[in-house]
Amino acid sequence: MATAKYYVFNEIDRWKVRYDGKEYPYESKVDAVTAAVKAASGAASNGFDAEVLVQGVDLKWRTEWASE
């Protein structure tokens, strides 16, 4: 089964979560990561592998949370 991946990144003056081709804006990094982890946990509860990746200031992606 494919892994549900939630990408958290900063764009101009907002943090966003990208999942399944859609972007969801948040006021802060904490809000964005919290929402992404909640959504990923829900996916994991439904039997999917899930992962939250956060983009750092160096533009590299790091795993913040994973269901495995």
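Up top you'll find the structure we're talking about.
To keep things clear, this report deals only with the structure shown in the data block. All values reported here derive from a predicted model rather than from experimental measurement.

### Focus: the pairing of strand β5 (residues 61–66)
Here is step 1 of the chain: Note that strand β4 (residues 49–55) and β5 share 5 bridges and pair antiparallel. Paired with E51 across the two strands is A66, which belongs to β5.
Here is step 2 of the chain: Here β4 hands over to β5 after 5 residues, with L59 in that stretch at a positive phi of 70 degrees.

### Observations concerning the environment of A39
Here is step 1 of the chain: Within the secondary structure, A39 is located in helix α1 (residues 29–45).
Here is step 2 of the chain: The class for A39 is partly exposed, based on a relative accessible area of 33%.
Here is step 3 of the chain: Sequence separation of A39 and A4 is 35 residues, and the distance between their C-alpha atoms is 9.7 Å.

### Focus on the side chain of K16
Here is step 1 of the chain: With respect to the element layout, K16 can be found in strand β2 (residues 14–19).
Here is step 2 of the chain: By relative accessible area, K16 is classed as buried at 17%.
Here is step 3 of the chain: Of note is the side chain of K16, whose polar atom sits 2.6 Å from the side chain of E11.
Here is step 4 of the chain: There is a polar contact of 3.5 Å between the side chain of K16 and the side chain of E23.
Here is step 5 of the chain: Once residues lying within four places of it in the same chain are set aside, the contact partners of K16 are Y7, V8, F9, E11, E23, Y24 and P25.

### Considerations on the pairing of β4
Each regular strand carries side chains that alternate between the two faces of the sheet.
Here is step 1 of the chain: Of all 7 residues making up β4, 6 are buried, and the element is well covered by its neighbours.
Here is step 2 of the chain: As judged from the 6 bridges shared by strand β1 (residues 3–11) and β4, these two strands associate in the parallel manner. By the bridge assignment, V8 is partnered in β4 with V54.

### Topic: the packing of aromatic side chains
For any pair of aromatic rings, the description rests on two quantities: the centre-to-centre distance and the angle between the ring planes.
Here is step 1 of the chain: Under the criterion given, the structure shown has 2 aromatic pairs.
Here is step 2 of the chain: Arranged with centres 4.2 Å apart and planes meeting at 10 degrees, the rings of Y6 and Y19 form a pair that is stacked. A residue pair is termed long-range when its members are at least 10 positions apart, and Y6 in strand β1 and Y19 in strand β2 qualify at 13 residues.
Here is step 3 of the chain: Judged by relative accessible area, Y6 falls into the buried class, the value being 6%.
Here is step 4 of the chain: Centre to centre, the rings of Y7 and W61 are 5.1 Å apart; their planes meet at 80 degrees, and the pair counts as edge-to-face. Of the two residues, Y7 is situated in strand β1 and W61 in strand β5; the sequence distance between them amounts to 54 residues.
Here is step 5 of the chain: Note on Y7: relative accessible area 28%, which makes it partly exposed.

Procedures and definitions
Residues numbered from 1 in each chain as written. Predicted model: local features only at pLDDT ≥ 70, side-chain atom pairs only at ≥ 80, totals over all residues. Heavy atoms only, no water. Pairing = 2+ DSSP bridges. Helix = DSSP H or I, 4+ residues; strand = E, 2+ residues; numbered from the N terminus. Buried < 20%, exposed > 50% of the residue type's maximum accessible area, 1.4 Å probe, protein only. Polar contact = N/O pair within 3.5 Å; in protein donor to acceptor, adjacent residues only side chain to side chain. Contact = heavy atoms within 4.5 Å. Phe/Tyr/Trp six-rings, centres within 6.5 Å; stacked < 30°, edge-to-face > 60°.

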